Amino acid sequence: MILKGKKGIILGLANAHSIAYACANSATEMGAEILVSYLDERFLKWVKPLCEKLNAKYFPLDVSKDESIDSFFNNVSKIWDKVDFIVHAIAFAKSEDLEGRFVDTSRAGFSLALDISSYSLVAVSKRVASLMKDGGSIITLSYYGAEKVVSSYNVMGVAKASLEASVRYLASDLGNQNIRVNAISAGPINTLSARGISGFTKILHHFQSKAPLKRNVLASEIGNTAAFLASDLSSGITGETIYVDCGFNIMGA
Ligand SMILES: NC(=O)c1ccc[n+]([C@@H]2O[C@H](COP(=O)([O-])OP(=O)(O)OC[C@H]3O[C@@H](n4cnc5c(N)ncnc54)[C@H](O)[C@@H]3O)[C@@H](O)[C@H]2O)c1
């Protein structure tokens, strides 16, 4: 029960396959009280039963709109006087930017992907920091495509590189409030977003055959690492990108 007595927000629940759901599950199992965000009413038919199962409150949040971010944190501050951790599990790019050549990315597609998948961490961190009265932990989700070229990942790789750099700058800014900021670089997992990447099944097979553990990572393993990063067990870790990928990233030729 490493999160007993802690209150945490999990952003980005779409359905039972979401990494956000695995994080919500682990956090609840470890004793935390949680509150969840979902994009809009289209997701409610999946989100509502999952949140009821976890005994979690849930509110809409569209990170592309400042008013929506403000309204979400207003809702949070009405029910909680402080927050201990937040998991940011949100990303988006147009489907046409997740296939073919990166060089063909449009200005609009580039801005959209970077805005929703990277800037949103900055916007959310600013709001949540004022609620982290006893310090806290901010966790986001990245991917190997931030540092090496992964076929079709394209603009999302650039967004994840920006996200990982943002983690370091945020960690530096917020450290004096005892707020830690870290990213988990997760191996590929079959989720709604991942299925939008052209050739995703091939990526899954490639990771499985090359990773030292000879398998793909489980969403529950990401959830458990997020729980560790949210807990006081990780009190000395900030500004890091931690790989939870069955070791794939260490392999060379
Ligand atoms: N699945 C993978 O293989 C994998 C690997 C590494 C990292 N990640 C990252 O994990 C995170 C969670 O993705 P997932 O794989 O669980 O997929 P998912 O589709 O379940 O979750 C993505 C979430 O982002 C939300 N979202 C999109 N646009 C939004 C907006 N404007 N405002 C608020 N929310 C918005 C979606 O509604 C959804 O809930 C993402 O950052 C993703 O890049 C995923």
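Reference entry: report on the structure contained in this document. Quick caveat: nothing in here was measured; it's all calculated off a predicted structure.

**Considerations on the overall build of the chain**
Right, so step 1: In terms of helices and strands, the chain carries seven helices and seven strands.
Right, so step 2: Reading the chain from its N end, one meets helices and strands in the order β-α-β-α-β-α-β-α-β-α-β-α-α-β.
Right, so step 3: Radius of gyration (C-alpha) of the chain: 17 Å, near the 18 Å computed for a compact globule of 253 residues.
Right, so step 4: Counting the 253 residues in the chain, one finds 47% classified as buried.
Right, so step 5: For the chain, the proportion of contacts with a sequence separation of at least 24, taken over those separated by at least 6, is 74%.

**Some words on the pairing of strand β6 (residues 179-186)**
Right, so step 1: Of all eight residues that make up β6, eight are buried, and the element is covered over most of its length.
Right, so step 2: With burial as the criterion, each face of β6 is covered, one bearing Ile179, Val181, Ala183 and Ser185 and the other bearing Arg180, Asn182, Ile184 and Ala186.
Right, so step 3: Direction of pairing for strand β5 (residues 136-142) relative to β6: parallel, over a ladder of seven bridges. Paired with Ile139 across the bridge in β6 is Asn182.
Right, so step 4: Each parallel crossover has a hand, and the one from β5 via helix α5 (residues 154-174) to β6 is right-handed.
Right, so step 5: Pairing of β6 with strand β7 (residues 241-244), which is carried by four bridges, proceeds in the parallel orientation. Across the sheet, Ile184 pairs through a bridge with Ile242, a residue of β7.

**Some thoughts on the site of the ligand**
Right, so step 1: Among the 26 residues in the neighbourhood of the ligand, the closest are listed as Ala14, Ser18, Ala91, Thr191 and Ser193.
Right, so step 2: Residue assignment for the shell around the ligand shows that the elements contributing at least two residues are α1 (19-29) and β5.
Right, so step 3: For the shell around the ligand, the class distribution of residues is 19 nonpolar, six polar and one charged.

**What to know about the environment of Asn25**
Right, so step 1: Mapped onto the elements of the fold, Asn25 is located in helix α1.
Right, so step 2: C-alpha of Asn25 to C-alpha of Glu164: the two residues are 139 residues apart in sequence and 25 Å apart in space.

**What to know about the packing of helix α4 (residues 107-129) against α5**
Any two packed helices are characterised by how steeply their axes cross, that is the angle between the axes, and by the distance between the axes.
Right, so step 1: Interhelical geometry of α4 versus α5 gives an angle of 20° and a closest axis separation of 9 Å. When the axes of α4 and α5 are compared, the pair comes out roughly parallel. Remark: the crossing between α4 and α5 carries right-handed chirality. On the side of α4, the interface is formed by Gly109, Phe110, Ala113, Leu114, Ser117, Ser118, Leu121, Val122, Ser125 and Ala129, while α5 contributes Val155, Met156, Ala159, Ser162, Leu163, Ser166, Leu170 and Leu174.
Right, so step 2: When its residues are assigned to classes, the contact of α4 with α5 shows 12 nonpolar, six polar and no charged.

**Describing the environment of Ser152**
Right, so step 1: Its place among the elements puts Ser152 in the loop between β5 and α5.
Right, so step 2: Residue Ser152 is classed as buried on the basis of its 20 C-beta neighbours within 10 Å.
Right, so step 3: The spatial distance from the C-alpha of Ser152 to the C-alpha of Arg101 is 7.3 Å, given a sequence separation of 51 residues.
Right, so step 4: Among residues more than four places away in sequence, those in contact with Ser152 are Leu98, Glu99, Ile197, Ser198 and Gly199.

Conventions adopted
Residues numbered from 1 in each chain as written. Predicted model: local features only at pLDDT ≥ 70, side-chain atom pairs only at ≥ 80, totals over all residues. Helix = DSSP H or I, 4+ residues; strand = E, 2+ residues; numbered from the N terminus. Rg over C-alpha atoms; globule rule 2.2 N^0.38 Å. Buried ≥ 20, exposed ≤ 12 C-beta atoms within 10 Å, placed from the backbone. Contact = placed C-beta atoms within 7 Å. Pairing = 2+ DSSP bridges. Right-handed = clockwise from strand over helix to strand, strands pointing away. Near = placed C-beta within 6 Å. Nonpolar A, V, L, I, M, F, W, Y, C, P; charged D, E, K, R; others polar. Axes fitted to C-alpha atoms, helices over the stretch in contact; angles between N-to-C directions. Parallel < 35°, antiparallel > 145°, perpendicular 65-115°, else oblique. Left-handed = near helix turned anticlockwise from the far one by under 90°.

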